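Single-letter residue listing:
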Amino acid sequence: MSFLFNKRPKSTQDVVRCLCDNLPKLEINNDKKKSFEEVSKCLQNLRVSLCGTAEVEPDADLVSDLSFQIYQSNLPFLLVRYLPKLEFESKKDTGLIFSALLRRHVASRYPTVDYMLAHPQIFPVLVSYYRYQEVAFTAGSILRECSRHEALNEVLLNSRDFWTFFSLIQASSFDMASDAFSTFKSILLNHKSQVAEFISYHFDEFFKQYTVLLKSENYVTKRQSLKLLGEILLNRANRSVMTRYISSAENLKLMMILLRDKSKNIQFEAFHVFKLFVANPEKSEEVIEILRRNKSKLISYLSAFHTDRKNDEQFNDERAFVIKQIERL
Amino acid sequence: MYPLNANSYTLLRKLGSGSFGVVWKARENVSGDIIAIKQIDLETGIDDITDIEQEVFMLSNCNSSNVIQYYGCFVDGYTLWILMEHMDGGSVSGLLKMGRLNEQVISIILREVLYGLNYLHGQNKIHRDIKAANILLSSSTGNVKLADFGVAAQLSNAASRRHTFVGTPFWMAPEVIQQTSYGLAADIWSLGITAIEMANGIPPRATMHPMRVIFEIPQSEPPKLDDHFSPTFRDFVSCCLDLNPNMRWSAKELLQHPFIKSAGTVKDIIPLLVQKENKLFDDSDQSVLEETINNTLKPFEEPIAEGNADIEDWTFETVKKSDSTVLGNTSIPKNSIISSQNKEELPSSIKYLEKTIMSDQATPHPFSKSLSEKGSSYHKSLTSDFAMKHYIKSTIRSMLLNDKLSATQRSSLESFYTSFISLDKNLSSKFVNQITPDNRLHHKKQKRSPISQLLFSRWLEETEKRRSLNG
């Protein structure tokens, strides 16, 4: 870097201009190599300026000046637009640049959040990148960084692209599916009251899609989505969602089927949702009916349920509690 | 790049075990490419799938000639398959089985590992498991690459903690063992231990019990090389092995150390690897035996939870709500419960019973009335199917004692009773399930007090809190 600075010192304006000039050239065939090199150098330069290094902290004035140039020139949109064209390390530099920009705050404002709110067309592009292995992880890290901000998370939740995640997380590639799932999880767990309102409003559609995940042939999809369901329902802000979910006989049937899954891990996750149906003091008639009808089977099944977890005090307490509640029916 | 399904690959030979799983030499069936495949049992091998994701993300996010190349991964049943570059020279650990390495070879390997570490650390990534077994070699190019990331995730995983400590404590940095926060410098300590491992053939304290090693490492003076080794090599090791992480040299700094600067080219390693191959050729009997393994013999089978087969499936069928009489709901589909033995007898008796009761409009329905009158005892007796069946039998018997029954009513009940007790256990159980919902509907809905809701809220908070602590 010192070599680069000594030989050709670039002002902040030059770095940003260089990127704006060279990014579009990545789509043109002639003299592509030079543009790649220019873009790589500038992105590295930008990443170091914004993120610092192990030895050097970023300079606040430089960051401020850079940020202004970046918004002024619409660079974030260009970076997303041409992300698939970038080389391997440049993609990661871009991800880090977005991280630094999104975390930067001036007093109580987040300028990059304001920029993103003014350019919502970026989000569909980022989500669409989950179809391409080379670019999915950078897009994912940017989306997760965005979802940390309530205003941006709201854009994500209420866009049509949110519903795309229900199929993205079932991709055959484990790492693509996992990255999509962690973004999905970020969106649904980061801002509790916002998410509670969203799920309440879209209750039927949301859980219709979610049930597809819970019945998936893919072991990881099934296990991870069941675990996330438990987290969503137990979230205090989701109380009304939970109350509605555990009033449904169909949902109870599904949990009872998963309680008998061949996988012990899935059985275990299912228990932590099933217990909510049983513990509910205001059970619906249809739930009571099913629990009563299976009373003796449930008691004998749960009495022998995961008895090898001798050190899990919480689980054993709850299992005993659930059995007692069922006996009282 | 490579297909994401198990049928596309033939497993050739087990190469060893890494963090979480087993590694195979394998062939992609269409191209014939030789790759390495790590198989991880997601059901019994780990508690939390996100721990595996960490290793995969680390691998997939690396683009360095000194880090093993990652090709892709997919789930087959309960097994995660990770496709990676195969290094035909094996590991440095395998090389050590032929004897100690000389300083010239050690310096080359250390430099290449430092290039890999410098790359990782430049992105603030910690390898977490530097040791000879995780340094792989190419016998055709002499290249040296790091493999097997993510073991530190196990430190936070109760199910794997035993494995971690027993498996590889010898290379662990003091701060890792003490579970204080640790960073890139932990890899430098492991590198220093690996240097000693290559020089002596074994890491320090290799003969000590692993649990004792864990106590010793944070409390003892850092290990040293003895005087048999050159001053520059001994100094290199000292620069890596300081108890204080901040005092250790960084990967970048170590690349400038005299011991590393004097290292030769990677091609100098090739003759050693050729020797190793020749020696392995003498063990061809073993390798031929291992070659018999193929993909049709899957290493993992889907585990079946114990006791599942013994238990009947759940009962979800619902009787439709209606205002008709109890007996109106006792009409039973023939296919569902009637055995061939009772097929002719039961329907006729039931039809006769219904017909008889309908014709005596003036008389109260004895059956439903009797059930209603004994509501309190009925509720108590709902402890099992057996009790319910017993209850029905006793109810019918008590109805038969009623003097007001007409002759036809009495004979109908007697026929019904005879039919009922002759049903086998399964059929009578299903019959009871059919008949009981109507009485439950008659129960007045009991309003819950605010106290119940409050206790439920408290219970929910408790269960959420404890689960997040466990998680």
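Everything numeric here is computed off the predicted structure, so don't read it as measured data.

Draft legend 1. Here's a closer look at the sheet that holds strand β8 (residues 144-146) of chain B. All names here are of chain B. If you walk across this open sheet you meet the three strands as β6-β7-β8, and the pairing is antiparallel. Of all strands in the sheet, those with a lone pairing partner are β6 (90-91) and β8, marking the two edges. Bridge analysis of strand β7 (residues 135-137) against β8 gives three bridges, and the strand direction is antiparallel. Paired with L136 across the strands is K145, a residue of β8.

Draft legend 2. Focus on the UniProt feature "binding site: ATP" in chain B. Residues and elements named next belong to chain B. The positions UniProt marks with the feature "binding site: ATP" are L15, G16, S17, G18, S19, F20, G21, V22, V23 and K38. Considering the arrangement of structural elements, one finds G21 in the loop between β1 (9-17) and β2 (22-28). Non-local contacts of G21, meaning those with residues more than four positions away in its chain, are made with Q39 and I40. One can find K38 in strand β3 (residues 34-41).

Draft legend 3. Region of the structure containing the pattern of salt bridges. All names here are of chain A. Per the counting criterion, the structure on display carries 17 salt bridges over all chains. With its nearest N and O atoms 3.7 Å apart, the salt bridge here joins E89 to K92. Of this pair, E89 and K92 both sit in helix α6 (residues 88-103), separated by three residues, roughly a single helical turn. By relative accessible area, E89 is classed as partly exposed at 31%. Using a relative accessible area of 12% as the deciding quantity, one classes K92 as buried. Put simply, R309 and D312 hold a salt bridge, and the shortest N to O gap is 3.9 Å.

Draft legend 4. Seen up close, the packing of aromatic side chains. All names here are of chain A. This structure, assessed with the given rule, holds 35 aromatic pairs over all chains. Where F203 meets F207, the ring centres are 4.8 Å apart and the plane angle is 55°; that geometry is what we call tilted. Placement of the pair is F203 and F207 together in helix α14 (residues 203-214), with a separation of four residues, close to one helical turn. Its relative accessible area of 9% is what places F203 among the buried residues.

Draft legend 5. Quick peek at the confidence of the model for chain B. Residue and element names in this part refer to chain B. The pLDDT averaged across chain B works out to 72; a share of 60% of its residues lies at or above 70. Contacts from residues 319-383, a stretch scored under 50 in pLDDT, to residues over four places away or in other chains number 85 contacts. This stretch, residues 437-448, has a pLDDT under 50; its non-local contacts, to residues over four places away or in other chains, come to 16 contacts.

Draft legend 6. Main features of the environment of M255 of chain A. Secondary-structure assignment places M255 of chain A in helix α17 (residues 249-258). Those residues in contact with M255 of chain A that sit more than four places away from it in its chain are L214, L226, L229, Y245, A270, V273, F274 and F277 of chain A.

Draft legend 7. Summary view of unusual backbone geometry. All names here are of chain A. Within the chain, N74 stands out as a residue other than glycine whose phi angle is a positive 65°. If you trace the backbone, N74 turns up in the loop between α4 (60-72) and α5 (75-81). For N74, a relative accessible area of 26% gives the class partly exposed. Not every positive phi belongs to a glycine, and H306 is a case in point at roughly 50°. Relative to the elements of secondary structure, H306 occurs in the loop between α20 (295-303) and α21 (313-327). Relative accessible area serves as the criterion here: at 4%, H306 is assigned to the buried category.

Draft legend 8. Representation of the pairing of β2 of chain B within the structure. Across the seven residues that make up β2 of chain B, a large majority, five, are buried. Remark: five residues form the turn of the hairpin made by β2 of chain B and β3 of chain B, two consecutive strands paired antiparallel; G32 of chain B in that turn has positive phi of roughly 80°.

Parameters at a glance
Residues numbered from 1 in each chain as written. Chains lettered and ligands numbered in written order. Predicted model: local features only at pLDDT ≥ 70, side-chain atom pairs only at ≥ 80, totals over all residues. Heavy atoms only, no water. Pairing = 2+ DSSP bridges. Helix = DSSP H or I, 4+ residues; strand = E, 2+ residues; numbered from the N terminus. UniProt positions renumbered as here; feature names shortened; annotations may be inferred. Contact = heavy atoms within 4.5 Å. Salt bridge = Lys/Arg side-chain N within 4 Å of Asp/Glu carboxyl O. Buried < 20%, exposed > 50% of the residue type's maximum accessible area, 1.4 Å probe, protein only. Phe/Tyr/Trp six-rings, centres within 6.5 Å; stacked < 30°, edge-to-face > 60°. pLDDT = per-residue confidence, 0-100.

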